[in-house]
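Each chain, written out:
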Amino acid sequence: MENQLKNEESPYLKQHKDNPVNWVPWKKKNLEKAKNEKKPIFLSVGYASCHWCHVMAHESFENNDTAKVMNEKFINIKVDREERPDLDLIFQKSLAILTGTQGGWPLSMFLDENGVPFTGGTYFPPKELYGRPSFISVLENVSKVYQENRDKILNQANQMKMVFRELNKKNAVLKQDLEPYVEKIINYTDEVNGGFKGAPKFPQFYIFDTILHFYKKTKNKKYLEVVEKLLLSISSRGIYDHLEGGVSRYTVDEKWIVPHFEKMLYDNIQYVNLLNNYLNEKDNNYLKHKIQQTINFINSEFLTKNNLLGSAYDADSDGIEGKYYIWTYKELNELLGNNLELFKKKYQISEQGNFEGSNILVENLDINYSDDNILKLEKNLLENRKKRNKPFFDDKSQTDLNSFWTYVTFYSSILLDDKNLYEKSSNKFNNLSQLYKNKIFHCYDGNKEIDVFLEDYVYFCLTLLTMYEFKNDKSSLIKCETLMSEAWNSFFNSNDKILQKNKVQFNDLFVEPIDLNDNNIPNGNSIYLFICNKLFNILGDQKWNEKIDVLSKSFHSHINSNFSQMFSYIKILDICEENITVTINSKNPETISKIQKLTVKNFMDKATIIYKEDSGEDYFIICKKQTCSPKLKNLKEVENYLKSL
């Protein structure tokens, strides 16, 4: 038996095409069907590499008795949250509003026939378990309540809309000091293990990236220390894949040892980005190895047939979580033999293991990592691991993530002085540029492409600006300016004075998806402001300065009540305030390259590189907060001026 999901492109939706549930995708005609039949909607949101999504699917959605109840009493809609991040945003918030509980995946929401939620949850077991009601009893109860209270539930829609308006309410603050928020968040950090206290433990790289930004500005050592503690902890423990590279999404324990084994592209982008910024401050061969290993892993193992990067690797293989990554003591003994004791010098291996009788590889930090014998043992284990069945790979290529990765690896290539990586990043950009020559879309090329979101625009524009700053590519600058204007016209919500997640004109949700939070990646609004600042510096057009003013005031008015989820804004507002520019007037490629590297070494992406083409001799001007250097005539003068700053 097949349902309507057989016609979808999403790997996640296709996983459910043979369910006995009459799944339909989120489309206007399916929402209309609920209205015509006066039935509530059961909305299930997940993604292809989600472990508990698989569990609920096997237990409930593949069960004929459960499917019968679902089909009789509900219109059943299945959504891939990576295809529709706007929809996921709104219904995750709705769950918190309606039940006061934290969201997650699978998200299981019940909507009225107009698409407005009235109750919901996340994972429901097939039988009552740990205080969670059985899924079938939830279905029966919700259907009964809906039929008996239909008019009342339908009339609650305005209340839900009003609550969302209150969530986005501003305060009167238009400008404020930002460093106190960094001081405040550090109180919640785990001094022993790095990251934040408690479990489960997520790296939340964007917060530590902002803390590191303020270290560079203030030289307050405690800012550097919390970032260093996080990076050394996650790079040495079970959340990191020591044989191949890359981090998992989170760990279930507070010591970063037992991961939820799925590997997401967005986590690894930010891991590399934070390593970029840290290694730019402090040389560390151990972490340099980790960044190179992870970049190689992503560029090879996440590659798809269209030469883009896919989204994620599943946590499971052969139906068992983590099976691909873990080792029994017996396996290690058989594969390594007499070398097992040498291997134990680097890794914490035991007969009882650290995960359900098996071993997740965790490093000791006091080993000589250049030991060639240990490298050979690791290579041996990796070759044997590759004979196992690999976890499922979600090859859905997303514009925002592919653009973000390209942008980050450009900076990695400069910091690592890696010409091969620079060329790979350039080729990735050329591929993206060709793909979006006529139109930007969120994912999938061809007939099934998913419409574009704010993050797709801004992260692609970030790569365009990088091509201008690194290569003086004026065509990329022009395209960036055009797309940024397009984005403003498409996404700017004039009531809230902020950009919403989907296009204002084509919103198909019961409220506008105003997204203030940093979630999987830094929020599109903050990145939009970052690009506005660079465009104003380069072009001098007042329209970009006006947008900076509007967005800055909006961000300041929200940070007080939501600071822990708005750390990318804190960093970028500070960058706009500092406003550093490096103007290059030279036709000498070697000189230009040296100035670019000096700029990256001193400022990373915080400074805007501007190219001038005046006649006469070479010169360079460095400005900070509208205070500018004289014309610096050579590299030595530039270096001396930078030291004086």
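Residue numbers here run from 1 along each chain, matching the order of that chain's written sequence. Whole-chain, interface and lining totals are the exception, using all residues; otherwise, since this is a predicted model, local features are given only for residues with pLDDT of at least 70 and side-chain atom pairs are given and counted only at 80 or more. Working from all heavy atoms in the structure, the side-chain values ignore hydrogens and water.

Further remarks concern the overall build of the protein. We count a stretch as a helix when DSSP gives it H or I for four or more residues in a row; a strand needs E for two or more, and each element gets its number in order from the N terminus. Across its full length, the protein holds 25 helices and 17 strands. Here the globule rule is a power law, 2.2 Å times the number of residues to the power 0.38, and the radius of gyration is based on C-alpha atoms. Over its C-alpha trace the protein gives a radius of gyration of 26 Å, about what one expects of a compact globule, namely 26 Å for 645 residues. For the protein, with 645 residues in total, the buried portion stands at 59%. Sequence-distant contacts, at least 24 apart, represent 69% of the contacts inside the protein between residues at least 6 apart. Total accessible area on the protein stands at roughly 27,200 Å², and carbon and sulfur atoms take up 47% of it. Exposure classes here rest on a 1.4 Å probe applied to the protein chains alone. A residue is buried below 20% of its type maximum, exposed above 50%, and partly exposed in between. Residues count as neighbours in contact if any of their non-hydrogen atoms are within 4.5 Å of one another. Per-residue and other accessible areas follow the Shrake-Rupley method at a 1.4 Å probe size, with only the shown protein chains counted as cover for residues.

Note that E8 resides in the segment before α1 (11-14). Exposure remark for E8: the relative accessible area of 11% places this residue in the buried category. If sequence neighbours within four positions are ignored, E8 has contacts with L13, K14, P25 and K27.

Moving on, we get to the nonpolar core. What makes a nonpolar core is a set of buried Ala, Val, Leu, Ile, Met, Phe, Trp, Tyr and Cys residues whose side-chain atoms join them at distances within 4.5 Å. Core analysis: the largest hydrophobic core is formed by 159 residues, its most contacted members being I211, Y528 and I531. With twelve residues, helix α19 (residues 454-471) is the largest single contributor of residues to this core. Residues I77, I90, F91 and V116 belong to the second largest nonpolar core, which totals 25 residues.

Picture a little ball the size of a water molecule; that probe, rolled over the atoms, points out where space is still empty. Definitions used throughout: a 1 Å grid over protein atoms alone; a cavity as a set of points that fits a 1.4 Å probe which cannot get out; a pocket as an open set with protein on both sides within 12 Å along at least five of seven lines; a lining residue as one with an atom within 4 Å of a point. Grid points are joined across faces, edges and corners, and a volume is the space filled by probe spheres set on the points. Scanning all chains against the criterion turns up six cavities of 30 Å³ or more. Among the secondary structure elements, those contributing two or more residues to the lining of the largest cavity are α10 (205-218), α12 (265-281), α17 (399-415), α21 (524-539) and α23 (567-578). Under the convention adopted here, Pro, Cys and the residues Ala, Val, Leu, Ile, Met, Phe, Trp and Tyr are nonpolar, Asp, Glu, Lys and Arg are charged, and Gly plus all remaining residues are polar. The class makeup of the residues in the lining of the largest cavity is eleven nonpolar, four polar and four charged. Empty space within the second largest cavity amounts to approximately 140 Å³. Lining of the second largest cavity is provided by 16 residues; of these, G238, Y240, D241, Y325 and R385 occupy positions nearest its centre. The residue inventory of the lining of the second largest cavity, partitioned by class, reads ten nonpolar, three polar and three charged.

Counting buried positions along strand β3 (residues 107-111) yields five of five residues, so the element is predominantly enclosed. Burial of β3 is two-sided: the residues L107, M109 and L111 facing one way and the residues S108 and F110 facing the other way are all buried. Strand pairing follows a simple DSSP-based rule, namely that at least 2 bridges must link the two strands. The pairing of strand β1 (residues 41-46) with β3 spans five bridges and is antiparallel. Considered in β3, the bridge of S44 is made with S108. Direction of pairing for β3 relative to strand β4 (residues 117-121): antiparallel, over a ladder of four bridges. For S108, the partnering residue across the bridge sits in β4 and is G121.

It is worth spelling out the sheet that holds strand β11 (residues 393-394) at this point. With antiparallel pairing, three strands are arranged side by side in an open sheet as β7-β8-β11. Taken across any chain shown, the strands that pair with only one partner, and hence form the sheet edges, are β7 (263-264) and β11.

Let's shift gears to the sheet that holds strand β16 (residues 619-624). Spatially, four strands are ordered β15-β14-β16-β17 in an open sheet, and the strand pairing comes out mixed. This sheet does not close on itself; its edge strands, each paired only once, are β15 (607-611) and β17 (627-628). Strand direction decides the pairing type here: strand β14 (residues 580-585) and β15, joined by five bridges, are parallel. From the neighbouring strand, T583 faces β15, where its bridge partner is I610.

Moving on: α23. Under the 1.5 Å per step criterion, the end-to-end length of α23 is 17 Å for twelve residues, consistent within 8% with the ideal 16 Å. When you tally the buried positions in α23, you get eleven out of twelve residues, the bulk of the element. The length a helix should cover is 1.5 Å for every residue beyond the first.

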